[in-house]
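The lines below spell out each chain.
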Amino acid sequence: MDTKKLLELCAASVGYTEGTNNDTTFGKWFGMNNQPWCAMSASKMYFDAGAIKEVANTKKGFASCDLWLKYLTKNNQIVPIGQAKAGDLVFFQFDEDAAADHVGIVK
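On a predicted model such as this, the values are computed, not experimentally measured, just so you know.

Rules of the game
Residues numbered from 1 in each chain as written. Predicted model: local features only at pLDDT ≥ 70, side-chain atom pairs only at ≥ 80, totals over all residues. Heavy atoms only, no water. 1 Å grid on protein atoms, 1.4 Å probe; cavity = no way out; pocket = protein on both sides within 12 Å on 5 of 7 lines; lining within 4 Å. Points joined across faces, edges and corners; volume = space filled by probe spheres on them. Helix = DSSP H or I, 4+ residues; strand = E, 2+ residues; numbered from the N terminus. Nonpolar A, V, L, I, M, F, W, Y, C, P; charged D, E, K, R; others polar. Buried < 20%, exposed > 50% of the residue type's maximum accessible area, 1.4 Å probe, protein only. Polar contact = N/O pair within 3.5 Å; in protein donor to acceptor, adjacent residues only side chain to side chain. Contact = heavy atoms within 4.5 Å. pLDDT = per-residue confidence, 0-100.

On to the layout of surface pockets, then. There is about 470 Å³ of room inside the largest pocket. Along its surface, the largest pocket is lined by 20 residues, and Gln77, Ile78, Val79, Asp88 and Leu89 are the ones closest to its centre. Elements with a contribution of two residues or more to the lining of the largest pocket: helix H4 (52-55), helix H5 (65-74) and strand S1 (89-92). Considered as a void within the structure, the second largest pocket measures approximately 390 Å³ in volume. Lining the second largest pocket are 19 residues, and of these Cys10, Ser13, Val14, Ser41 and Ile105 lie nearest its centre. The set of elements that each furnish at least two residues to the lining of the second largest pocket consists of helix H1 (3-13), helix H3 (38-48) and strand S2 (102-105). Its residues placed into classes, the lining of the second largest pocket shows 13 nonpolar, five polar and one charged.

The structure is reproduced here in structure tokens:
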């Protein structure tokens, strides 16, 4: 994976906000506009950096944080807390259920 390119793509998107009803370039690109878009944003960054085939066997990655986390867990691609490096995905859980609620990319 070209981590430098990935981080440049991420930096170019800092400050991006959705339009009305979650209207985003990421949702449009993924084919699921007007939805929560953090996983689609991360997928597009990986795709544009030429790395999506390294993290997923889907055409464009994942639209769901939880599905992406489950895929990585199933394929033994989870990095322990404290060992993440630039370009790794980081998942967040904000409630009591077992599902991942948000995803970002480590700077």
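All right, on to the environment of threonine 17 then. Within the secondary structure, threonine 17 is located in the loop between H1 and helix H2 (25-30). Along the chain, threonine 17 and isoleucine 52 lie 35 residues apart, while their C-alpha atoms are 23 Å from each other.

In this section: H3. Most of H3 sits inside the fold, with nine of its eleven residues counted as buried. Along H3, the residues that are buried comprise Cys38, Ala39, Met40, Ser41, Ala42, Ser43, Lys44, Met45 and Tyr46. Just beyond H3, the residue with positive phi is glycine 50, at close to 75°.

All right, on to H5 then. Buried within H5 are the following residues: Cys65, Asp66, Trp68, Tyr71 and Leu72. Two or three places before aspartate 66, at the start of H5, stands the capping residue serine 64, its side-chain oxygen 3.3 Å from that residue's backbone nitrogen. Looking one or two residues beyond H5, the residue adopting positive phi is asparagine 76, at roughly 50°.

So, about the environment of methionine 40. Topologically, methionine 40 is positioned in helix H3. Take methionine 40: its relative accessible area is 0%, and that puts it in the buried class. As for methionine 40 and phenylalanine 26, which are separated by 14 residues in sequence, their C-alpha atoms are 5.7 Å apart. For methionine 40, the contacting residues outside a window of four places in its chain are Phe26, Gly27, Trp29, Phe30, Met32, Gln35, Phe62 and Ala63.

What follows deals with the confidence of the model for the protein chain. For the protein chain, the average pLDDT comes to 91, and 96% of its residues sit at 70 or higher. The weakest mean pLDDT in the protein chain belongs to H4 at 65; the strongest belongs to H2 at 96.

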